[in-house]
Amino acid sequence: MPDSALILNAAAMRRALARIAHEIAERNESSTEVVIVGIQRGGVHLAQRLSAILGGIWGHAVPAGSLDVSMHRDDLDQRLTPDVHPTIIPFDIAGKTVVLVDDVLFKGARRGRRWTR
């Protein structure tokens with residue numbers, strides 16, 4: 001099996017993010033209550049893109065932050081050192097709808113289980 005594969009090209013990625021943003025907008029009548037938090041690392045960039053798209057839909061800025069979950073992974077015992085990045089959430093999340101964004105599309109074999117596409 002190849003190490004990498006093209007899942008979405010640039011145009012398809014833009015369309016997918018636009019669809020996700022519209023789904024978020026449709027499901028949240030109170031747009032000022034929505035915040036976006038990207039899981040470090042790849043989820044942060046996607047969260048920023050979703051925030052920008054939602055800002056265009058709603059006509060106001062949608063707060064976006066980042067969360068590092070390195071120390072909460074279930075495979076810490078298999079890593080020499082965790083790859084820690086900053087958690088930056090410069091806004092209050094109390095009472096907000098927090099949309100968590102990650103970039104994981106595929107996970108390989110893990111503890112005897114085999115994940116497939």
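Reading guide: rules and limits
Residues numbered from 1 in each chain as written. Predicted model: local features only at pLDDT ≥ 70, side-chain atom pairs only at ≥ 80, totals over all residues. Heavy atoms only, no water. Salt bridge = Lys/Arg side-chain N within 4 Å of Asp/Glu carboxyl O. Helix = DSSP H or I, 4+ residues; strand = E, 2+ residues; numbered from the N terminus. Buried < 20%, exposed > 50% of the residue type's maximum accessible area, 1.4 Å probe, protein only. Patch = residues over 30% accessible without salt bridge, like charges linked within 9 Å, V, L, I, M, F, W, Y side chains within 5 Å. Areas by Shrake-Rupley, 256 points an atom, 1.4 Å probe, with all protein chains shown as cover. Contact = heavy atoms within 4.5 Å. pLDDT = per-residue confidence, 0-100.

(A) Local environment of the pattern of salt bridges. Using the criterion set out here, one finds two salt bridges in the structure. Residues E23 and R27 are paired through a salt bridge, measuring 2.9 Å at the closest nitrogen-oxygen approach. Taken as a pair, E23 and R27 lie in helix α1 (residues 10-27) at a separation of four residues, close to a single helical turn. On the basis of relative accessible area, E23 is assigned to the partly exposed category, the value being 37%.

(B) Main features of a nonpolar patch on the surface. On the surface, I89, I93, V98 and L100 cluster together into a nonpolar patch covering about 320 Å² of accessible area. By secondary structure assignment, the location of V98 is in strand β3 (residues 97-101). For V98, a relative accessible area of 36% corresponds to the partly exposed category.

(C) Highlighting the side chain of S31. When you line up the elements, S31 lands in the loop between α1 and β1 (34-39). With residues near it in sequence (within four places) discarded, S31 still touches W58 and H60.

(D) Fine view of the confidence of the model for the protein. Per-residue pLDDT for the protein has a mean of 85; in total, 80% of the residues score no lower than 70. Across the protein, strand β2 (residues 64-67) holds the top mean pLDDT of 97, while α1 sits lowest at 95. Note that residues 112-117 has pLDDT below 50 and, in this model, 12 contacts with residues that lie over four places away or in other chains.

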